[in-house]
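Observations on chain architecture
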Amino acid sequence: MQKSDGISDSLFIRACRGLPTERPPIWMMRQAGRYMPEYRKVREKVSFLELCRTPDLACEVTMQPINEFGFDASILFSDIMVPLPPMGLAVDFTPGPVIAQPIQNESDIAKLKTFDPNEELSYVMDAVRAIRKALPSDTPLIGFAGSPFTMMTYCVEGGGSKAYPKTRAMMYGNKKATHALLSKLAQVTADYLVAQANAGANALQLFDSWAGILPPSGFEEFALKYAKLVIDNVRERLADQCVPIIYFANGCAPYLNVYANCGADVLGIDWRVDLAAARKALGSVPVQGNMDPGCLYLPPEELRKEVISVIEKGRSTPGHIFNLGHGVMPTAPMENVRLMVDTVKSWSA
Ligand code: CP3
């Protein structure tokens, strides 16, 4: 049974559970970041990695968009690359992630370590506890991780990529290695998400940022299957808690017919799909998204119209969380972020 408290009664958790809400809750991917002057001020003093590794500072920047705009949910300030160093892969940011010694073969995969996140990533758990303490008692905290497929692309390419040549070569040329790598990443990811929930995260998001490069069959074989492994594992271990799980496959449009098979409570929708069409294809599963991050550069009246259009398209079934279709861009104007939040918050049927 769901216990009644500020978090479980919040708009965000109610929407995650597919319950009716008087308006959609709103938060924004990358809501703590460079578009905010207060964030840039903190970054003048410390590197991005130091920021992630210092719980008080991670807490401070997590709170910035909550205090500034009053989002309905917060997200831990960290990065999907954080679990790679304890697996044995050093990561640097320049500003995108760079892995000095990418994974090339089965012997590299065999050497990757699984680990106890409460030990090796205690700074993340300390940040989760600090943020939970700093947040209003009815504002949920979202923990997160990269999905196995997206993490594989970074491990194999050694960083971001346009065409993913090494990932594709391994996927099609060495299936055994591919599945061994994805299985190991799934194990680490599940352990990491469970630890975040146990430290106080109220919901969990699995980011599959590059799933959209796959053909439909590949999406099922390499992305969806391992997202489901993580989700099933986490759900089983958190069975006595209500911690909704969001799966966000960026570029999900070609896969809508199988998307819900991941078993997540909520499906993230990027901006390339019409939200009404996505809701129709997905049935009653709660969804999160999907305003084009570019809309934050529109003139105010047009932005307001776009926000209302996303709300209207999302409301055919209960369970819509307003978000952008991907992360906010570093040059997005603050006053338009404020207008977006205020428009959602003042909307009523
Ligand atoms: O959403 C939030 O506010 C929480 C913080 C968060 C960050 N990264 C902070 C960050 C989250 C949830 C992430 C996830 C993440 N990181 C993803 C998945 C989401 C997505 O965007 O698809 C990915 C693919 C990464 C990997 C990553 N980290 C990249 C590609 C980059 C460089 C991007 C760029 O715009 O320069 C990062 C660095 C990063 N992660 C920054 C922030 C605020 C910028 C660092 C800085 O201050 O210089």
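Read on for an overview of the structure. (Residues numbered from 1 in each chain as written. Predicted model: local features only at pLDDT ≥ 70, side-chain atom pairs only at ≥ 80, totals over all residues. Heavy atoms only, no water.)

As a further point, take the site of the ligand. Near the ligand you find 24 residues, and of these Arg30, Arg34, Tyr39, Ser209 and His326 are the closest. One of the backbone N or O atoms of Gln31 is found 3.0 Å from an oxygen atom in the ligand. Expressed as a share of its isolated accessible area of 890 Å², the protein-covered part of the ligand is 90%. Per-class residue counts for the shell around the ligand are 15 nonpolar, 5 polar and 4 charged. (Near = heavy atom within 4 Å. Polar contact = N/O pair within 3.5 Å; in protein donor to acceptor, adjacent residues only side chain to side chain. Areas by Shrake-Rupley, 256 points an atom, 1.4 Å probe, with all protein chains shown as cover. Nonpolar A, V, L, I, M, F, W, Y, C, P; charged D, E, K, R; others polar.)

Along the chain, Lys228 turns up in helix α12 (residues 216–237). Judged by relative accessible area, Lys228 falls into the partly exposed class, the value being 35%. In contact with Lys228, other than residues within four places in its own chain, are Asn261 and Cys262. (Helix = DSSP H or I, 4+ residues; strand = E, 2+ residues; numbered from the N terminus. Buried < 20%, exposed > 50% of the residue type's maximum accessible area, 1.4 Å probe, protein only. Contact = heavy atoms within 4.5 Å.)

Moving on to the pairing of strand β5 (residues 203–208). Of all 6 residues making up β5, 6 are buried, and the element is well covered by its neighbours. With burial as the criterion, each face of β5 is covered, one bearing Ala203, Gln205 and Phe207 and the other bearing Leu204, Leu206 and Asp208. Here 5 bridges tie β5 to strand β6 (residues 245–249), and the two strands are oriented parallel to one another. Bridging across to β6, Phe207 finds its partner in Phe248. The β-α-β motif built from β5, the intervening α12 and the parallel element β6 has right-handed crossover chirality. (Pairing = 2+ DSSP bridges. Right-handed = clockwise from strand over helix to strand, strands pointing away.)

Moving on, we come to the nonpolar core. Counting 135 residues, the largest nonpolar core has Phe71, Phe219, Tyr247 and Met340 as its most contacted members. It is helix α11 (residues 175–199) that provides the largest number of residues to this core, a total of 13 residues. (Core = buried A, V, L, I, M, F, W, Y, C linked by side-chain atoms within 4.5 Å.)

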